[in-house]
Amino acid sequence: MPKAVVVLSLILNLVFTFNAKSQDVKKTKVFLLAGQSNMDGRGAASNLTKDDLKQLAFAQKRIHFYYKGTVNNGKEPLIIDGPLDVTDPWPFVKDKFRLNKCFGPELFFGLALSKAYPKEKFLFVKRSQGGTSLYGAWNPNWTLEKAKLKSEENKPKLFEDFIATTDAQLSKLPPGSFEIIGMLWVQGESDSSSLPSSTYGQNITALIQKVRAYYGVPDMPFLMLGVGSKKVVAAMSDTSKNSLNVSLIRKSNNPKANNYTPIYTHNWNGKPAGHYNYTGMKKIGNMFFDTYQKYYANFIER
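Let's shift gears to the environment of A273. Along the polypeptide, A273 turns up in strand β11 (residues 271-276). Residue A273 is classed as buried on the basis of its relative accessible area of 3%. Between the alpha carbons of A273 and I180 there is a distance of 35 Å; along the sequence they are 93 residues apart. Those residues in contact with A273 that lie beyond four places of it in its chain are K96, F97, Y264, H266, N267 and W268.

See below:
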C-alpha cells in the first residue's frame, strides 16, 4: 500500500476516534434558581445530620454552585462560587433566625440529584433577593411605574441581573459543553396584594418564555413552589396547566400532610420570624427533586 494512503488512513482513523470520544463526553447539566428570601434559604445548617454531611461531601465533587444573594444591609450582595455548600449569611440573618450558617432549596435538591446521577456534572446558578416582587423588581417587562407601585424603584432590575449573572457563569464553560435543563422558582409572597396578584399569571408566563427564548431552550422544565396568596398560587396553578413543562409544587401547612413545610415559630421584633426551618427547607429541596425526577428525568438521561 502506498505510503500516502497509509498516512491518510491513519489520519482518518484518528479523526473518527476523536469524534467518537467527543460524542461520549457528557455535558455539564445546568440548573437556574431564582426568587426571593425563601430561595435565599434560612434552613439552619447546624441541624444537618452526619448522613446529610456525608451526602454533601459526595455532591460537592459533582455540583458547582454560583450564588448571588440578597444584599448585605443594602450594600454588597452575598456571593458564593464553589462546590455546593451552605451559606455564611450576614449578621442580621444570623440574629433573626438564630443560626450561624444556612441553606436554600438547592442543598437537598442537589444531594438527591447527585445520588441519583453520580456520573453527571452539574452547575447551579442562583440569583435571589429578599422581599422582591415579580410585578416590580423581577418583572421581565420592567417599568418604573410598576417598580414604584411595589416601592422597588431603587432595587435592581432583577430579571436583567439574573440573566447577566447566568451569562457570566456560562461564559466560563467551553461552548457546547453545557445544557440548561431546568429552572427552580421560589417567589410569590411579595405579590400577594391586589394588582400584583391579579397579574401574576401573565408575569410568570412572560418570565418563563423570556428565559427559554433567550437561552434557546423552548422546552426547559420550570418548577415553582406554591407560595403567596391563594390568588397567586391559583395563577401558578393555571400557568402550570396551560404551559409546556411547567410544574407547580404544592406545599401544606398541615403537620400531618406529606408536603408539610414547617417554618420558624419564634418572633423577631414582635413579629413571627417566618421562613422555612431546616425541616421545611429540606422538604422543599426534596419535593423539587421528586417532581423533576417524575416528569423531567429524560432531560438528564438523554
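Additional details are given in the paragraphs that follow.
Moving on, we get to helix α5 (residues 106-116). With respect to burial, α5 is a largely interior element, 9 of its 11 residues being buried. Buried within α5 are the following residues: E106, L107, F108, F109, G110, L111, A112, L113 and S114.

Turning next to the confidence of the model for the protein. Regions with low pLDDT carry predicted coordinates that are not meant to be interpreted in detail. Of the residues in the protein, 91% reach a pLDDT of 70 or more, and the chain-wide mean stands at 92. Segment residues 5-12: pLDDT under 50, and 1 contact once partners within four positions in sequence are set aside and those in other chains are kept. Every residue in residues 14-23 scores below 50 in pLDDT, and together they form 0 contacts with partners more than four places removed in sequence or on other chains.

This part is about the packing of aromatic side chains. Per the counting criterion, the structure on display carries 19 aromatic pairs. Between F31 and Y292, the ring centres sit 5.1 Å apart and the planes meet at 70 degrees, which makes this aromatic pair edge-to-face. Here F31, found in strand β1 (residues 28-35), pairs with Y292, found in helix α11 (residues 278-296); they are 261 residues apart in sequence, far enough to count as distant. For the pair F103 and Y278, a centre-to-centre distance of 6.1 Å together with 85 degrees between the ring planes defines the contact as edge-to-face. On the criterion of sequence distance, the pair formed by F103 in strand β5 (residues 102-103) and Y278 in helix α11 is long-range, its members being 175 residues apart. The exposure class of F103 is buried, given its relative accessible area of 0%. K126 extends its terminal NZ or CZ atom over the ring of Y67, reaching a point 4.2 Å from the ring centre.

Time to look at helix α10 (residues 230-242). Taking 1.5 Å per residue as the helical rise, α10 with its 13 residues ought to reach 18 Å, and the 18 Å between its terminal C-alpha atoms agrees with that figure. Listed in full, the buried residues belonging to α10 are V232, V233, A235, M236, S237, T239 and S240. Residues of α10 that are buried in the fold lie against α8 (194-198), α9 (200-215), β8 (222-225) and β9 (246-249).

Grouped together as the largest cluster of nonpolar side chains are 51 residues, with contacts concentrated most on F31, F109, L113, F124, L225, F288 and Y292. Setting aside its immediate chain neighbours within four residues, F124 contacts F31, L33, I63, H64, F65, Y66, L84, E106, F109, G110 and L113. Core analysis: the next-biggest nonpolar cluster, separate from the first, contains 32 residues, W138, I163, L170 and Y200 among them.

What counts, and where the lines are drawn
- Residues numbered from 1 in each chain as written.
- Predicted model: local features only at pLDDT ≥ 70, side-chain atom pairs only at ≥ 80, totals over all residues.
- Heavy atoms only, no water.
- Helix = DSSP H or I, 4+ residues; strand = E, 2+ residues; numbered from the N terminus.
- Buried < 20%, exposed > 50% of the residue type's maximum accessible area, 1.4 Å probe, protein only.
- Contact = heavy atoms within 4.5 Å.
- pLDDT = per-residue confidence, 0-100.
- Phe/Tyr/Trp six-rings, centres within 6.5 Å; stacked < 30°, edge-to-face > 60°.
- Lys NZ or Arg CZ within 6 Å of the ring centre and 35° of its normal.
- Expected span 1.5 Å × (residues − 1).
- Core = buried A, V, L, I, M, F, W, Y, C linked by side-chain atoms within 4.5 Å.

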